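As a plain string of letters, each chain reads:
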Amino acid sequence: MAENMTLGLSPCPNDTYIFHALLHRLVPSPAHFTPHMADVEELNALARQKKLPVTKLSLGVVPYIMDDYAIMASGAALGWGCGPLVVAREDLPEEKWKTARVAVPGLMTTANLLLTLHGGFQGPREEMLFSDVMDAVLDGEADMGVIIHEGRFTYAERGLVKLLDLGQWWEATYHAPLPLGAIAVRRDVPVELARAIEAAITASVDYANANPRASADFIREHAQELAESVTSAHIRTFVTEYSRDLGDTGRQAIARLVETAARMQGLRLPEAGLFL
């Protein structure tokens, strides 16, 4: 008898593309999953409360949940040229970055963590939903904002300018692909079941790649931006070879980011390791 489990995922096109086949039982799975679809910052908060047995989460929250969750090898958002962007109404010189008010898509997001690691932004941060960040900048509620997800492809047409690509900064500084999000399994899930779920997610990625139109309606139903050109660009950017399997390169990139953040917060790494 298959388990009944809740799966946390975001409504963003990369997640709905990856998990469409799994949620619609188009691939073999050891569990029947009920989706809990929410903004990734809500998923981060639920992970800190240990509410979800399997969930998407930001790498920014991992230092706080390492003892309770292990990172799976499949389903991640990790790659090159996929980083959050710092945008503003007009080009601002770097000397103004330090004290600027910055709208961020959640304090536990990888975007906010990267902003901290960069070190050049020490002003107040305004936490809000990722979909509200551009409006906050345009309305003058913040001097600049960190945009993620579909905003990467639409900020220019909204009249904003890019100040910094945090992904490019990470790649140049650490010489590694940027890990943004991953799928984690709670450590009280039996290892055999967890590995079977991991394999089912891999199968779901394979199905999506082999049948890219199959998930179109599901993606459109949940996407923030409905233009197919935007959702297609989103999927190309955030679904990468590492989404199928992190491999050694992906694991090393995640470990680098998490270890750096944990050290900054004075947190210890789990004895069991970061990964399933």
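Computed from a prediction, not measured in an experiment: that's the story for all the values here.

K.L.:
What exactly am I supposed to notice about the pattern of salt bridges here?
P.N.:
Once the charged atoms of two side chains with opposite charge are near each other, the side chains can pair. Tallied over the entire structure, the rule returns 11 salt bridges. Notably, a salt bridge pairs Arg152 with Asp165, separated by 3.4 Å at the nearest N-O pair. Taken together, the residues span a long stretch of sequence, with Arg152 in helix α6 (residues 151–154) and Asp165 in strand β10 (residues 161–165) at a distance of 13 residues. Overall, Asp165 belongs to the buried group, its relative accessible area being 6%. Across the pair Asp206 and Arg244 runs a salt bridge whose closest N-O atoms are separated by 2.7 Å. Here Asp206 is found in helix α8 (residues 191–210), whereas its partner Arg244 is found in helix α11 (residues 241–244), with 38 residues between them in sequence. For Asp206, a relative accessible area of 31% puts it in the partly exposed group. With relative accessibility at 39%, the residue Arg244 sits in the partly exposed group.

K.L.:
Is there a simple way to think about the UniProt feature "binding site: substrate" (unreviewed entry) in the protein chain in this case?
P.N.:
Per the UniProt record, "binding site: substrate" (unreviewed entry) is annotated on Lys56, Leu57, Ser58, Thr110 and Ala111. By secondary structure assignment, the location of Lys56 is in strand β3 (residues 54–58). Relative accessible area serves as the criterion here: at 6%, Lys56 is assigned to the buried category. Contact partners of Lys56, with chain neighbours within four places excluded, come to Gly8, Leu9, Asn14, Asp15, Leu43, Ala77, Gly181, Ala182 and Ile183. Mapped onto the fold, Ser58 is located in strand β3. Among all residues touching Ser58, those that are not within four sequence positions of it are Val40, Asn44, Met108, Thr109, Thr110, Leu180 and Gly181.

Each value, and the rule that gives it
Residues numbered from 1 in each chain as written. Predicted model: local features only at pLDDT ≥ 70, side-chain atom pairs only at ≥ 80, totals over all residues. Heavy atoms only, no water. Salt bridge = Lys/Arg side-chain N within 4 Å of Asp/Glu carboxyl O. Helix = DSSP H or I, 4+ residues; strand = E, 2+ residues; numbered from the N terminus. Buried < 20%, exposed > 50% of the residue type's maximum accessible area, 1.4 Å probe, protein only. UniProt positions renumbered as here; feature names shortened; annotations may be inferred. Contact = heavy atoms within 4.5 Å.

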